[in-house]
Amino acid sequence: MRRLINIELFKLRHSRSAKIMTILYFSLFLSAALLSTIKFDFGPFNFRLADQGIYNFPYTWHFMSFFVAFLKIILAIVIVSMMSSEYTNRTLKQNLIDGLSKKEFILSKFYVSVLYALCSTILLFVVTLVLGLIFSDYDEFQIIFSDLEYIGGYFVKLLGFFSLCLFLGLLVKRSAFALGFLFLLWIVEGIIGASLHDTKFDFISDYTPLNAMWRLIPEPITRLDIINSAAKQLNAEIMQDYSVSIFTIITVLAWTFLCVFGAYRLLKKRDL
Amino acid sequence: MPETILELKNLTKRFGKSTAVSDLSFSIEKGNVYGILGPNGSGKSTTLGMVLNVINVTSGSFEWFSDTMDTHDALKKVGAIIESPNFYPNMSAKDNLKLVCKIKEIDEGNIENVLKTVELLDRQHDQFKTYSLGMKQRLAIASALLNNPEILILDEPTNGLDPKGIHQIREIIKKIAHNGTTILLASHLLDEVEKICTHVVVIRQGKKLYAGRVDEMNASFGYIEASVEKLDNFTSFLDRLDFIDKFDNIEHDQIRIFLNKDYSAGEFNKLCFEKGFVLTHLIKRKESLEEQFLKLTN
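Rules used in this analysis
Residues numbered from 1 in each chain as written. Chains lettered and ligands numbered in written order. Predicted model: local features only at pLDDT ≥ 70, side-chain atom pairs only at ≥ 80, totals over all residues. Heavy atoms only, no water. Contact = heavy atoms within 4.5 Å. Buried area = accessible area lost by both parts, 1.4 Å probe. Salt bridge = Lys/Arg side-chain N within 4 Å of Asp/Glu carboxyl O. Helix = DSSP H or I, 4+ residues; strand = E, 2+ residues; numbered from the N terminus. Nonpolar A, V, L, I, M, F, W, Y, C, P; charged D, E, K, R; others polar. 1 Å grid on protein atoms, 1.4 Å probe; cavity = no way out; pocket = protein on both sides within 12 Å on 5 of 7 lines; lining within 4 Å. Points joined across faces, edges and corners; volume = space filled by probe spheres on them. Buried < 20%, exposed > 50% of the residue type's maximum accessible area, 1.4 Å probe, protein only. Axes fitted to C-alpha atoms, helices over the stretch in contact; angles between N-to-C directions. Parallel < 35°, antiparallel > 145°, perpendicular 65-115°, else oblique. Left-handed = near helix turned anticlockwise from the far one by under 90°. Phe/Tyr/Trp six-rings, centres within 6.5 Å; stacked < 30°, edge-to-face > 60°. Lys NZ or Arg CZ within 6 Å of the ring centre and 35° of its normal. Expected span 1.5 Å × (residues − 1). Arc of directions from axis to C-beta. Pairing = 2+ DSSP bridges. Domains from an automatic or database assignment. Polar contact = N/O pair within 3.5 Å; in protein donor to acceptor, adjacent residues only side chain to side chain.

## Description of the interface of chain B and chain A
In step 1: Listed per partner, the contact involves 30 residues of chain B and 27 residues of chain A.
In step 2: Between chain B and chain A, a total of about 2600 Å² is buried, with carbon and sulfur atoms accounting for 54% of that surface.
In step 3: Along the contact surface separating chain B from chain A lie 2 salt bridges.
In step 4: Salt-bridge contacts for Glu105 of chain B lead to Arg3 of chain A; the nearest nitrogen and oxygen are separated by 3.8 Å.
In step 5: Put simply, the parts of the chain that give the side of chain B that touches chain A at least two residues each are strand 1 (4-15), helix 2 (71-75) and helix 3 (93-104) of chain B.
In step 6: Of all the elements, helix 3 of chain B adds the most residues to the side of chain B that touches chain A, at 7 residues.
In step 7: Here the side of chain B that touches chain A is built from residues that sort into 14 nonpolar, 7 polar and 9 charged.

## Details of empty space enclosed by the protein
To find leftover empty space, a probe the size of one water molecule is rolled over the atoms.
In step 1: Applying the stated rule across the entire model yields 1 cavity of 30 Å³ or more.
In step 2: Computed from the structure, the largest cavity encloses a volume of approximately 50 Å³.
In step 3: Lining the largest cavity, in full, are Thr91, Gln94, Asn95 and Asp98 of chain A together with Asn86, Phe87, Tyr88, Asn96, Leu99 and Val100 of chain B.
In step 4: The set of elements that each furnish at least two residues to the lining of the largest cavity consists of helix 5 (91-98) of chain A together with helix 3 of chain B.

## A short note on the pattern of salt bridges
In step 1: For the coordinates displayed, the defined rule picks out 17 salt bridges over all chains.
In step 2: A salt bridge links Arg215 of chain A to Asp206 of chain A, with the nearest nitrogen and oxygen atoms 3.0 Å apart.
In step 3: The class for Asp206 of chain A is partly exposed, based on a relative accessible area of 23%.
In step 4: The closest approach of N and O atoms between Glu171 of chain B and Lys174 of chain B, which form a salt bridge, is 4.0 Å. Of this pair, Glu171 of chain B and Lys174 of chain B both sit in helix 6 (residues 163-178), 3 residues apart, roughly one helical turn.
In step 5: Among the residues examined, Glu171 of chain B registers a relative accessible area of 38% and is labelled partly exposed.
In step 6: Look at Lys174 of chain B and you get partly exposed, because its relative accessible area is 35%.
In step 7: Salt bridges sharing partners connect three or more residues here, namely Arg3 and Glu104 of chain A together with Asp73, Lys76 and Glu105 of chain B.

## Side note on the packing of helix 4 (residues 72-88) of chain A against helix 9 (residues 175-196) of chain A
All names here are of chain A.
In step 1: At a closest axis distance of 9 Å, the pairing of helix 4 and helix 9 adopts a crossing angle of 130 degrees. Classed by the angle they form, the pair helix 4 and helix 9 counts as oblique. Pair helix 4 / helix 9 crosses with right-handed handedness. For the pair helix 4 and helix 9, contact is made by Ile73, Ile77, Val80, Ser81 and Ser84 and by Ser175, Ala178, Leu179 and Leu182, respectively.
In step 2: Residues belonging to the contact of helix 4 with helix 9 are distributed by class as follows: 6 nonpolar, 3 polar and no charged.

## Focus on the packing of aromatic side chains
In step 1: All told, the structure shown has 27 aromatic pairs over all chains when counted by the stated rule.
In step 2: Their ring planes at 65 degrees and their centres at 5.1 Å tell us that Phe87 of chain B and Phe128 of chain B sit as a pair that is edge-to-face. Of this pair, Phe87 of chain B sits in the loop between strand 5 (78-81) and helix 3 while Phe128 of chain B sits in the loop between helix 4 (111-117) and helix 5 (133-145), placing them 41 residues apart in sequence.
In step 3: Assessed through its relative accessible area of 5%, Phe128 of chain B is described here as buried.
In step 4: In textbook terms, an aromatic cluster arises when at least three aromatic residues are bridged by ring pairs, as seen for Tyr59, Phe63, Phe66, Phe67, Phe70 and Trp214 of chain A.
In step 5: The ring of Phe258 of chain B is capped by Lys246 of chain B, whose NZ or CZ atom sits 5.0 Å from the centre of that ring.
In step 6: The ring centre of Tyr223 of chain B lies 4.6 Å from the NZ or CZ of Arg256 of chain B, which sits over that ring.

## Details of helix 6 of chain B
Residues and elements named next belong to chain B.
In step 1: The end-to-end C-alpha separation of helix 6 is 22 Å, in line with the 22 Å expected for 16 residues at 1.5 Å each.
In step 2: Within helix 6, the full set of buried residues consists of Gly165, Ile169, Arg170, Ile172, Ile173 and Ile176. Seen from one end, helix 6 has its buried residues packed into an arc of 160 degrees, which puts them on one side. More than 90 degrees from the buried face of helix 6, the exposed residues found are Pro163, Lys164 and His178.
In step 3: On its buried side, helix 6 packs onto helix 4, helix 5, strand 6 (151-155), strand 7 (182-187) and helix 7 (190-196).
In step 4: At the C-terminal side of helix 6, Gly180 shows a positive phi close to 90 degrees.

## Observations regarding the sheet that holds strand 2 (residues 18-29) of chain B
All names here are of chain B.
In step 1: Reading across from one edge, 2-1-4 is the order of the 3 strands in this open sheet, with antiparallel pairing throughout. Single-partner strands in this sheet number two, and they are strand 2 and strand 4 (59-64). With direction set aside, neighbouring strand axes in the sheet form an average angle of 15 degrees.
In step 2: Summarising the sheet, strand 1 and strand 4 pair through 5 bridges and their orientation is antiparallel. When the bridges of strand 4 are listed, Leu6 appears paired with Trp64.

## Structural notes on the domain arrangement of chain B
Residues and elements named next belong to chain B.
In step 1: Examined at the domain level, chain B breaks down into domain 1 (4-216) and domain 2 (223-297).
In step 2: In this structure, domain 1 and domain 2 have C-alpha centres spaced 42 Å apart.
In step 3: Between domain 1 and domain 2, roughly 760 Å² of surface is buried when both sides are summed, and carbon and sulfur atoms account for 81% of that area.
In step 4: For the pair domain 1 and domain 2, the number of links is 0 salt bridges.
In step 5: Applying the counting criterion to the domain 1 and domain 2 interface returns 0 residue pairs in polar contact (both at pLDDT 80 or more).
In step 6: Looking at side-chain class alone, the side of domain 1 that touches domain 2 contains 8 nonpolar, 1 polar and 2 charged residues.

Right, here's the structure in full:
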């Protein structure tokens, strides 16, 4: 496993686009966090996002996991292109001739996807913890470390998404087309979801890959204090389950497995 | 008992309805230099692709090192270059070779050595995409030599190169062959095979036509080309000679006579003169591999 990660990281380290995208990802990550702490001064109206309660423990775990997850699309580009560039450069063929098995090839890509998801999750944890410690109104140990399920949900969400990208990169063999395919899948799932809404087949959209990933971390906006109090004034109590469901986690992990195994079967069948 | 490096058993590959390789069997023994000869599209690259794990086998099988290990592990002991050199364009030559070392699980200490062999040492830090085709091909050979391979597989190594590049590659191959490394060379260039190889496998449309030593393939008694003024009587004279296999009229007054036993040009000249035929042109040749090849593949 060490050898395979080593091989893949060596490739990424020497790929300019992968380096740029990775740096872009992590700097956007940090700057988004920093931006929320800046005080906007509009004359008599002072506004600071950090003062709106988004960094209150334990709510901040939920809030941050949800919003930071949007940035994953940047890493998706890295994952897709690390797969498809092996096709366009025909280096996949050379790797196999040099003695890498098809299984090892897929595994090396998968391991690095896990690594990316892990790094992003750790960074999310650290950044959220630091911002929370600065801005949170509550700082009891027990409160700080409650609701950590969102961090776990975030990891699974990224892992599932990257595995899907891996599969699409291999299936389509061209980065741009693979990302287009991803977009198409998103639209198709949207159509399926909308057309089955309020029918007895509504449950089907729980199982489609992107939808399942989306449901992993429910939206946190309506849980925010100011929104809630506004809703109360309008007598519209918001009732929603905000927890990370085990069922959805299992669904996404199943998709992860299907994507990685599917990629392996696909590669095994192909003549290069 | 010579050590068998690779054995093909009834290897077959079909792409849809067309059969690229059909029931091909031969074996590669240690220390020999093999050539796979065949016209373009005869299945050479497909055959190599199958034993190199990139093309799936339709039926039949192959064994590396008497089937003692998995194909991908066996390939770590093989050095192979295929039609075009494939490397990571943004990596330098040296980094590309480092990556190959990681895949083959070998020490990086050999990198400098192989770069020196192919005369790329002074360009080792330049990105692969800045290389000329000849340099790319040489880097591919360097990469194939990294692990001191048990066998070197070369698929059309001089394809597309200029005369200087072709010469450089051939010199390198000869040097490697001279060191006793087993080589399998696929080519449609006959003089390449004739100059380098000890054994040859001739294939056409995926079928084996000949497998054996190059010099045995060339074991005919050669032919005589002769011209004479009065052709009509001469052909009826030739008909009566028992050392002649057959003869063709190749130009209006020139005849190519194929021998079926050893017979020298001098003896032939003397015989003709005694019978009253004055030859205006006489030459005796061994058939080249090219002629043998055309005979086999036509």
